[in-house]
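# Fold and geometry: a report
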Amino acid sequence: MPIREAMQSLESRLNPAKFFRVHCSAIVQLRLVDTLHKASGGDYEVQLKDGTRLRVSRSRREHLSHGSPTAGSNAGGAISGRR
């Protein structure tokens with residue numbers, strides 16, 4: 001189902017304890033995040049539990065690994081820098 005509204009508008013309406021904007025074009029549900037992978041060139045990707053990988057912007061990576069409400073807990077899936 002296509003969503004036709006600005007990402008910023010959508011992001012502002014979502015619960016930040018459950019959703020996280022990983023990139024200018026992607027918002028993920030934290031409970032579906034499996035791991036955080038270091039990719040080539042210093043970039044990072046989140047891998048969802050279904051195997052989907054999404055690029056994480058550099059500015060948002062710090063928030064995901066340190067400032068996320070679920071970082072370090074099992075509530076949002078295991079988030080680690082391991083491959």
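A quick note: this is a predicted structure, and the numbers were derived from the prediction, not measured.

All right, on to the side chain of His23 then. If you trace the backbone, His23 turns up in strand S1 (residues 19-23). On the basis of relative accessible area, His23 is assigned to the buried category, the value being 14%. A distance of 2.9 Å separates the side chain of His23 from the side chain of Arg55, its partner in a polar contact. When neighbours within four sequence positions are excluded, His23 is seen to be in contact with Arg55, Ser57 and Arg60.

Attention shifts here to the sheet that holds strand S5 (residues 53-56). Read from one edge to the other, the open sheet built from 3 strands follows the order S3-S4-S5, with strand pairing classed as antiparallel. The open sheet terminates on both sides in strands that have one partner only, identified here as strand S3 (33-38) and S5. Ignoring strand direction, the axes of neighbouring strands in this sheet form an average angle of 30°. By the bridge criterion, 5 bridges tie S3 to strand S4 (residues 44-48) in an arrangement that is antiparallel. Bridge assignment links Val33 to a residue of S4, and that residue is Leu48.

The subject of this paragraph is the confidence of the model for the chain. With 71% of its residues at a pLDDT of 70 or more, the chain has an overall mean of 77. Segment residues 68-83 is flagged for pLDDT under 50; beyond a separation of four residues in sequence, or across chains, it makes 37 contacts in the model.

Reading guide: rules and limits
- Residues numbered from 1 in each chain as written.
- Predicted model: local features only at pLDDT ≥ 70, side-chain atom pairs only at ≥ 80, totals over all residues.
- Heavy atoms only, no water.
- Helix = DSSP H or I, 4+ residues; strand = E, 2+ residues; numbered from the N terminus.
- Buried < 20%, exposed > 50% of the residue type's maximum accessible area, 1.4 Å probe, protein only.
- Polar contact = N/O pair within 3.5 Å; in protein donor to acceptor, adjacent residues only side chain to side chain.
- Contact = heavy atoms within 4.5 Å.
- Pairing = 2+ DSSP bridges.
- Axes fitted to C-alpha atoms, helices over the stretch in contact; angles between N-to-C directions.
- pLDDT = per-residue confidence, 0-100.

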